[in-house]
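As a plain string of letters, each chain reads:
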Amino acid sequence: MQIHFKKNIQFTRHVKVSGRVREFNFRKIPGIAEELFHVDVSDERSNRIMFKMLKTHNQWKIVDQQLPQCVYEGELKLHDLIEEELHNPSE
């Protein structure tokens, strides 16, 4: 009997989008064929905004619709953060 372990990837980063620093929490969804991250961030009223980012054509893209504009404005920065974490994981 072989046991296979998969590393759980989750991290938090602070990113300035729309003139405000926001805390983004990332968690890689394990056990599925495509590469997918669950991301959440608070809005101005402390409500949680949750969305997913899917890797297509070597680019992490937001797959959910009807999110606040500040989330879409930070999409490229979020892509860079995910790639950085996957290539240089923090301890």
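Preceding this paragraph is the structure being described.
Remember, it's a predicted structure, so these values are computed and weren't measured experimentally.

Quick notes on the rules
Residues numbered from 1 in each chain as written. Predicted model: local features only at pLDDT ≥ 70, side-chain atom pairs only at ≥ 80, totals over all residues. Heavy atoms only, no water. Helix = DSSP H or I, 4+ residues; strand = E, 2+ residues; numbered from the N terminus. Expected span 1.5 Å × (residues − 1). Buried < 20%, exposed > 50% of the residue type's maximum accessible area, 1.4 Å probe, protein only. Contact = heavy atoms within 4.5 Å. 1 Å grid on protein atoms, 1.4 Å probe; cavity = no way out; pocket = protein on both sides within 12 Å on 5 of 7 lines; lining within 4 Å. Points joined across faces, edges and corners; volume = space filled by probe spheres on them. Nonpolar A, V, L, I, M, F, W, Y, C, P; charged D, E, K, R; others polar. Salt bridge = Lys/Arg side-chain N within 4 Å of Asp/Glu carboxyl O.

**Considering helix α2 (residues 75-87)**
Move 1: Compared with an ideal rise of 1.5 Å per residue, which puts 13 residues at 18 Å, α2 spans 18 Å between its outermost C-alpha atoms and is within 8% of the ideal.
Move 2: Of all the positions in α2, only E75, L78, H79, L81, I82, E83 and E85 are classed as buried.
Move 3: If you follow the buried residues of α2, they end up packed against β1 (10-17), β2 (20-28), β3 (36-42), β4 (48-56), β5 (59-62) and α1 (69-73).

**Concerning the layout of surface pockets**
Move 1: By volume, the largest pocket amounts to about 200 Å³.
Move 2: Lining the largest pocket, in full, are K6, K7, N8, I9, K28, I29, P30, G31, I32, A33, E34 and E35.
Move 3: Partitioned by chemical class, the residues of the lining of the largest pocket number five nonpolar, two polar and five charged.

**Let's talk about the pattern of salt bridges**
Move 1: Per the counting criterion, the structure on display carries five salt bridges.
Move 2: Ionic pairing is found between R13 and E85, a salt bridge with its closest N-O pair at 2.6 Å. Of this pair, R13 sits in strand β1 while E85 is found in helix α2, placing the two residues 72 residues apart along the sequence.
Move 3: By relative accessible area, E85 is classed as buried at 6%.
Move 4: Between E83 and K55 there is a salt bridge; the shortest N-O distance is 3.1 Å. Separated by 28 residues along the polypeptide, E83 in helix α2 and K55 in strand β4 bring together distant segments of the chain.
Move 5: Because the salt bridges share partners, they merge into one network encompassing R20, R22 and E44.

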